[in-house]
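Given next are the chains, with one letter for each unit.
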Amino acid sequence: MAADSKVVTDVANRLFDAIEKGDAATVGQLWSDDVVVWKVADRDRDKDRALRIITWFLDTTTDRRYEILERKLFDGGFVQQHVLHANGRNGATIAMRVCIVIKVDTDGLIRRIDEYFDPAQIAPLLDATPTPERAT
């Protein structure tokens, strides 16, 4: 049985709000322990690896804002197109167009994330900052 639309919408709103606020702990609480995170040009990530990426992003940026272009619910999840605006501690800014598909379990936890974006759009944040891949 999949999560209902009210639960899915609440999870979506809490997830993007937490990222905008730089709250990695809340992001982690929204993910199931066996969450699978996939992004374009990368292999699947487990919860620990994916949280290291989120923490790196939050630590590398001074502020973040989601411009939601469209969100469509489906049974047990949603697909969203957005532009992620962020300012880096290195002075760079990004406006990264993303399509994300998120599945939510009956406990209201995110169990799968598939994220599609052009990796070149995040490159300005990589200048002079250690990436989580280099740090681990």
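Reading the values: the criteria
Residues numbered from 1 in each chain as written. Predicted model: local features only at pLDDT ≥ 70, side-chain atom pairs only at ≥ 80, totals over all residues. Heavy atoms only, no water. Pairing = 2+ DSSP bridges. Helix = DSSP H or I, 4+ residues; strand = E, 2+ residues; numbered from the N terminus. Axes fitted to C-alpha atoms, helices over the stretch in contact; angles between N-to-C directions. Contact = heavy atoms within 4.5 Å. Buried < 20%, exposed > 50% of the residue type's maximum accessible area, 1.4 Å probe, protein only. Polar contact = N/O pair within 3.5 Å; in protein donor to acceptor, adjacent residues only side chain to side chain. Salt bridge = Lys/Arg side-chain N within 4 Å of Asp/Glu carboxyl O.

### Notes on the sheet that holds strand S4 (residues 93-104)
Ordered in space as S1-S5-S4-S3-S2, the five strands form an open sheet in which the pairing is mixed. The sheet is open, and its two borders are formed by strand S1 (31-39) and strand S2 (61-74), each paired with just one other strand. Between one strand axis and the next, the sheet turns through 25° on average, direction left out of account. Of the pairings in the sheet, the one linking S1 to strand S5 (residues 110-117) comprises five bridges and is parallel in character. The partner of Val 37 across the bridge, within S5, is Ile 113. Sheet contacts for helix H1 (residues 5-21): S1, S2, strand S3 (77-88), S4 and S5; angle to S2, the most-contacted strand, approximately 165°.

### A short note on the pairing of S5
Sheet topology note: the S4/S5 ladder contains seven bridges and is antiparallel. Looking across to S5, one finds that Ile 102 is bridged to Ile 113. Counted between consecutive antiparallel strands, the loop separating S4 from S5 contains five residues, among which Gly 108 sits at a positive phi close to 80°.

### Some thoughts on the side chain of Lys 47
Mapped onto the elements, Lys 47 comes out in helix H3 (residues 47-60). Judged by relative accessible area, Lys 47 falls into the buried class, the value being 14%. Within polar-contact distance, the side chain of Lys 47 engages the backbone oxygen of Gly 28 at 3.1 Å. Side-chain polar atoms of Lys 47 contact the backbone oxygen of Trp 31, separated by 3.1 Å. Ignoring any residue separated from it by four or fewer positions in sequence, one finds Lys 47 in contact with Gly 28, Trp 31, Ser 32, Asp 33 and Val 35.

### Quick look at the pattern of salt bridges
Per the counting criterion, the structure on display carries five salt bridges. Across the salt bridge formed by Arg 14 and Asp 10, the nearest N and O atoms sit 3.3 Å from each other. Here Asp 10 and Arg 14 lie together in helix H1, a separation of four residues that amounts to about one turn.

### Details of the environment of Arg 14
Classification of Arg 14 as partly exposed rests on a relative accessible area of 39%. Counting along the chain gives twelve residues from Arg 14 to Thr 26, while the straight-line C-alpha distance between them is 8.2 Å.

### Some remarks on the environment of Asp 63
Tracing the sequence through the fold places Asp 63 in strand S2. For the pair formed by Asp 63 and Asn 87, sequence separation is 24 residues and the distance between their alpha carbons is 5.7 Å. With near-sequence residues (within four places) excluded, Asp 63 lies in contact with His 85, Ala 86 and Asn 87. Side chain to side chain, Asp 63 and Thr 62 meet in a polar contact 2.8 Å long. A polar atom in the side chain of Asp 63 sits 2.9 Å from the side chain of Asn 87.

Everything listed here is a matter of coordinates, which is why it stays silent on function.
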